[in-house]
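So you can see what is in the structure, the chains are spelled out below.
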Amino acid sequence: SGLDVLAKRAGLKYFGTAIDNVVLDNPTYISIAHNRSEFGQVTPSNGQKWMYIEPVQNKFNFTLGDQITVPAKKKGQLRRCHNFVWHNQLPDWLTGRNWTKPELVKVLENHIKHEAKHYYNDCIAWDVVNEAFEDDAVASLRKDIWLDVIGKEYIELAFKFARKYTKPGTKLYYNDYAIERVNNKSRAVAALVKDFKKRHIPIDGVGLQAHYTVGRAPSYDEQLATHKLFSDLGVETALTELDVRIQLPDNATLQAQQGAVYANSTKACLDADDCVGITVWDFWDPVSWVPSTFPGFGNADIWDANFTKKPAYYAISDLLRSY
Ligand code: G3I
């Protein structure tokens with residue numbers, strides 16, 4: 001049985017993967033990515049981001065997103081959609097101009113409206129706002145175009161627009177990294193959720209990206225406490241971008257440790273009250289984002305370059321089987 005079959009038996013809604021457009025011409029990659037027994041859910045790694053969806057103002061191009069969502073739908077795989085608002089991968093027309101606040105709010109609404117409508121029947125969840133907090137000790141909001149021009153209100157506006165234009169029942173997520181421990185950043189996200197709940201701003205979930213490093217990953221207990229931090233506020237959680245990078249060169253010991261990190265995170269999600277599912281941020285080492293961002297690190301995924309399942313794959317499947 002594949003990972004999704006086992007995950008469902010263990011009580012999750014899905015076990016999924018991100019899929020990137022740059023490898024869609026690789027038939028072996030595709031056969032695994034759209035194998036529903038392994039992956040009951042997919043997320044486009046890039047294809048639904050602003051620079052690809054609205055490369056020219058008010059001219060929408062859904063090609064790259066559709067390349068992933070259409071085959072997934074045919075195979076019966078759920079889709080998590082990623083993302084409406086982020087500081088990164090924005091088109092030049094958007095970043096290269098001095099907007100007034102009302103203008104940029106309109107741009108934001110128009111983008112969410114068109115993208116939400118196109119993917120109306122597609123998404124069990126949308127990452128509405130991605131990575132809005134800084135990594136600093138006080139976890140203030142990231143200084144990006146949204147904060148500069150609109151102010152912190154951009155976050156709630158995005159969620160309100162998302163609720164207005166997505167299909168009722170679509171789960172609206174705030175998604176971020178380095179919030180998998182109870183720390184300043186995750187507490188800042190929790191404060192945002194609490195405030196939204198109090199003021200009836202729609203929010204349904206918090207995505208813990210879970211980009212981990214062997215030797216530095218949060219423990220099972222730390223992760224369980226973080227899921228609880230959010231579920232106590234009445235939102236669901238999910239591991240939305242799980243991967244575990246290794247400082248190269250790789251060896252059998254490191255691979256076993258990597259497997260333990262994957263298994264711990266899976267276990268914490270299974271034992272948490274409201275963790276609905278797990279998505280790996282690609283399953284195949286050669287397409288991982290890690291080596292280009294963290295030189296000297298890599299092999300973060302669960303299938304190796306030869307499409308052989310790694311110890312991490314078996315660590316996850318053994319853990320799921322034990323439930
Ligand atoms: O599309 C071009 C392609 O035409 C060209 O041949 C190729 C050559 O390098 O580049 C392609 O664009 C790359 C794109 O990924 C598609 O593969 C960009 O250079 C590259 O910067 C981009 O990286 C993506 C990154 O987000 C951008 O910040 C990663 O694939 C993607 O996995 C990563 O995903 C993010 C999540 O959205 C949010 N959380 C963190 C996560 C990891 O950084």
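Residues numbered from 1 in each chain as written. Predicted model: local features only at pLDDT ≥ 70, side-chain atom pairs only at ≥ 80, totals over all residues.

Now for the overall build of the protein chain. Helices and strands together make up the secondary structure of the protein chain, namely 13 helices and 10 strands. Here the protein chain has a C-alpha radius of gyration of 19 Å; the compact-globule value for 323 residues is 20 Å, and the two agree. With the C-alpha coordinates aligned to their principal axes, the bounding extent of the protein chain is approximately 55 × 40 × 40 Å. Here the protein chain holds 323 residues, and 46% of them are scored as buried. In the protein chain, 78% of the contacts between residues at least 6 apart in sequence involve partners at least 24 apart. (Helix = DSSP H or I, 4+ residues; strand = E, 2+ residues; numbered from the N terminus. Rg over C-alpha atoms; globule rule 2.2 N^0.38 Å. Buried ≥ 20, exposed ≤ 12 C-beta atoms within 10 Å, placed from the backbone. Contact = placed C-beta atoms within 7 Å.)

All right, on to helix H11 (residues 252–271) then. Given a rise of 1.5 Å per residue, 20 residues ought to cover 28 Å, and the 28 Å separating the end C-alpha atoms of H11 matches this to within 8%. Within the span of H11, buried status applies to Gln 258, Gly 259, Val 261, Tyr 262, Ala 263, Asn 264, Ser 265, Thr 266, Ala 268 and Cys 269. Buried residues along H11 sit in contact with strand E7 (211–213), helix H10 (220–231), strand E8 (236–247), strand E9 (275–280) and helix H13 (311–321). (Expected span 1.5 Å × (residues − 1).)

Another aspect to go through is the UniProt feature "domain: GH10" (unreviewed entry) in the protein chain. The UniProt feature table records "domain: GH10" (unreviewed entry) at residues 6–319. Within residues 6–319, the helical portion is 41% and the strand portion 18%, while the C-alpha atoms at the span's ends are 9 Å from each other. (UniProt positions renumbered as here; feature names shortened; annotations may be inferred.)

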